[in-house]
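One letter stands for each residue in the lines below.
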Amino acid sequence: MTTTEIPAPTARPGRAATTPKHRPKREREGAAWVFLSPWVLGACLLTVVPMAVSLYLSFTDYNLFDPPHWIGLRNYTQMFTEDPRYWRSVVTTLEYVVIAVPLQLALALVVALALKSMKGGKAFYRSAFYAPSLLGASMSIALVWRQVFNDGGPVDNALGNGGWINKPGWSLLAVALLTVWQFGAPMVIFLAGLQQIPAELYEAAAVDGAGKWRQFLSITVPMLSPVLFFNLVLQTIQAFQVFTPAFAVSGGKGGPADSTLVYTLYLYDRGFVASHMGYASAMAWVLLLVIGAVTAVLFRSSRSWVFYASEGDR
Amino acid sequence: MPGHRTKGFCASAAALALCAMLAACGGSGESVGGGGKVVLRYAWWGNPDRATLTDKAVALFEKRHPNVQVQTSYSGYDAYKQKLAVQATGGDAPDVMQLDYRQINQYANGGVLLDLGKQKAVLHTSEIDQGLLATGKVDGTQYAIPQGRGTETIVYDAKAWKDSGVPLPQKGWTWDDWADDMRALAKKTGKPGATDPGWSEDGFEVWLRGQGKSLYTKDNGLGFTADDLTNWWTFTDQLRREGAVSPAEQTTQLAGFVENTPLARGKATSDNNWDAPASGYVSFIPTGIALAPMPSGEDGTPGQYFKPSMFMGVSANTGHPKESAELIDFMINDRDAAKILGATRGIPVNETIRKETEGRLKDFDKTISEYQASVDGTLKDPPQAPPSGDNALQSTFQRDYDQVSYERLSPRKAAENYITEAKAELRS
């Protein structure tokens, strides 16, 4: 979790000045590298090298069994011009992002607001709401989800519509709800952000006659916007890469009728089921570029809606 | 560097040394075990009951070959297929591996498999039906040995069908007879007569062969046209609309295991499947199931065929080709091994052993054996091993039919999509 990336509204006290400076800088750096070496080695061998190989393979027809042949951009042109299922997976993924991310952030914010105003038992409820995020990463909960939304499951019994996961119009929603339910991480971050907002702002607003809703819109939302932005970026990136819930809930096939065939699931299908590793690598690189572009757009848009408290001093 | 060693540096050096020690503790796989024994790795897919019997047989093999130690491992089919592909590409395939008909071409052409023809001295194949044996050949080379024999069947709830008053399925029935029976069953029982067979590439193949065609041509091209597939899907789609076969919501759940089928869930009276896995229905339908032949073409041409239910192959990288071949010979030709294994991998391929064991088979093993005997000699030769792309096309077939049964695409449009995808898959 990279919570340190939250733009901190308060200035840090100058800790560096108080740190004792006995040893020469170069030697301390050397020791640092030694201690970092497991991580650096791991990052190089497990991330950098495989990424480079994947970039190379994306220009080949590698099928796991025969040596890869260089085919230039054919994987990319096939993807964009000859593969209707590729585009269906793109649309499905966008639908998923648009459903899951706002729902998840809204729920996280509502629960964080409720927790903030609680008097007792806050620690208990915070843990209770966070628990699904820990469970959610596991395959088992996704399988439970499949049972819940399958025909003959509790949702079918309650609503009597034959279960969601076998209806192409509803199955993606069942997958998205599994993600939404894991709102613990953004909730904890929201809660931290809410507690940073100075109480005197609310007191002053109350004196001026502002109601709860007015306070929320004029104080909470702008003061919380950096945290909201951080959560939005993080959850959007994660949503584009969603795999486990779609894989488990659809039984690994992205069905029914390709309705839960999200991008990474189709990538997996191409790579490990159909043995087109070159094509799958090309898909992975396109996804990386698209996520980069979407993140850049979010950052650009943030200038117009994210408010940093320190800006007020300028 | 300064001459004096600081505490920080010493600590980091110690940390590195510890890491090195940890790394050194990790064991390394060696093909020669303790006491100079030859160690073979043998992997297969299957259920725990198959594992118990296999381990028993392997123990007997080790007793007969004191210099050989066999390490076994197994998992479910999907997981097995993916793991084996990764191992094989890394040059680390198990010495002896179980293979599916759909894998043979890819693995043989990829140089993963050893030419077993060179191991004739220890691996005997003379008692295996030659047509069946040929299914393990790629370009004339014997890369794999079939281990069991299976054929497709219509499996049905015997009591429910009898009680409905619809005449029981007869040998030589056609697809039209079958369709009429499904309609009659649906009317009498109030639920679909069968699983919608449109999802299944295997079902389509039987229908296609009944017309004298095939899935693939000799040179691994497509053996049928968009018209053929449109006809098949129009046929099944019509039955689905009439309620004679299962609705889309049930058909889409099929994933190659019995629990998901409408028959096992009490939502249909029959299903089409391979005969050996049909034993899985027994626990769901306590009143009993029965097996009938697959429907044939209009002129009586049978579409089903005897297929090797699985193969055994040897890794091209094995250090012990002779011992590996001995293990295969033992599993296929040894009488005592056959006694232990029963029909866990289908009916034995060794003709002598098959005849000997026929009388001793019990319960559902006996049903399968009798069913196979009833169609033996009337079926045509099996097709050659499917091309490598077929592995992926099997799931593409089901996906494309989903679009038909959910009424998102017409049979014609979905069939055209499939042909396009299949051509791309077979070209690459």
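Since the structure is predicted, the reported quantities are computational estimates derived from the model, not experimental observations.

Criteria and thresholds
Here, residues in each chain are numbered from 1, in the same order as that chain's written sequence. Here every chain gets a letter starting at A, and every ligand a number starting at 1, in the order they are written. This being a predicted model, a pLDDT of at least 70 is required before a residue's local features are given, and a value of 80 or more before pairs of side-chain atoms are given or counted; all residues contribute to the totals for chains, interfaces and linings. UniProt positions are given in the numbering used here, feature names are shortened, and annotations may be inferred rather than shown by experiment. Numbering of helices and strands runs from the N terminus; a helix is a DSSP stretch of H or I covering at least four residues, while a strand is a stretch of E covering at least two. Here contacts are defined at the residue level, using C-beta atoms placed from the backbone and a cut-off of 7 Å between them. In this classification, the charged set is Asp, Glu, Lys and Arg, the nonpolar set is Ala, Val, Leu, Ile, Met, Phe, Trp, Tyr, Cys and Pro, and all remaining amino acids, among them Gly, are polar. The split of the chain into domains comes from an automatic or database domain assignment. Whether a residue is buried, exposed or partly exposed follows from its count of other C-beta atoms within 10 Å of its own C-beta, namely 20 or more, 12 or fewer, or something in between, respectively; the C-beta atoms are built from the backbone. The criterion for strand pairing is that DSSP finds at least two bridges linking the strands in question.

Asks: Would you mind showing me how to read the UniProt feature "transmembrane region" (unreviewed entry) in chain A here?
Replies: The sites that carry the UniProt feature "transmembrane region" (unreviewed entry) are, in the present numbering, residues 31-57, 96-115, 127-149, 169-194, 215-234 and 277-299 of chain A. Note that residues 215-234 of chain A is 100% helix and 0% strand, and that its end C-alpha atoms are spaced 27 Å apart.

Asks: Honestly, the interface of chain A and chain B in this entry has me stumped. Any pointers?
Replies: Interface extent is often summarised as the accessible area lost during association of the parts. Across the boundary between the two partners, chain A contributes 24 residues, which contact 26 residues of chain B. Of all the elements in the fold, those that place two or more residues in the side of chain A that touches chain B are helix 2 (25-57) and helix 13 (263-273) of chain A. If you tally residues by element for the side of chain A that touches chain B, the top one is helix 2 of chain A, at 5 residues. When grouped by side-chain class, the residues that make up the side of chain A that touches chain B number 12 nonpolar, 5 polar and 7 charged.

Asks: What am I meant to see in the domain arrangement of chain B here?
Replies: Residue and element names in this part refer to chain B. For chain B, the domain assignment lists domain 1 (24-149 + 310-373) and domain 2 (152-304 + 389-427). For domain 1 and domain 2, the distance between their C-alpha centroids amounts to 30 Å. Facing 11 residues of domain 1, the contacting portion of domain 2 comprises 9 residues. Looking at the side of domain 1 that touches domain 2, the elements that each hand over two or more residues are helix 4 (101-109) and helix 14 (363-375). Class assignment of the residues belonging to the side of domain 1 that touches domain 2 gives a composition of 4 nonpolar, 6 polar and 1 charged.

Asks: I'm lost on the domain arrangement of chain A in this one. Help?
Replies: Residue and element names in this part refer to chain A. One can read the domain layout of chain A as domain 1 (26-75) and domain 2 (84-304). The partner domain 2 presents 9 residues to the 11 residues of domain 1 that form the contact. With 3 residues, the single largest contributor to the side of domain 1 that touches domain 2 is helix 2.

Asks: Sorry if this is basic, but what is going on with the pairing of strand 7 (residues 152-157) of chain B here?
Replies: The side chains of a regular strand alternate between the sheet's two faces. All names here are of chain B. In terms of burial, strand 7 is largely enclosed, as 6 of its 6 residues are buried. Residues Glu-152, Ile-154 and Tyr-156 point to one face of strand 7 and Thr-153, Val-155 and Asp-157 to the other, with burial holding for every one of them. The pairing of strand 7 with strand 8 (residues 270-274) spans 5 bridges and is classified as antiparallel. Paired with Tyr-156 across the bridge in strand 8 is Ser-270. Across 4 bridges, the pairing between strand 7 and strand 9 (residues 289-292) is antiparallel. Across the sheet, the residue bridging to Tyr-156 is Ala-290, located in strand 9.

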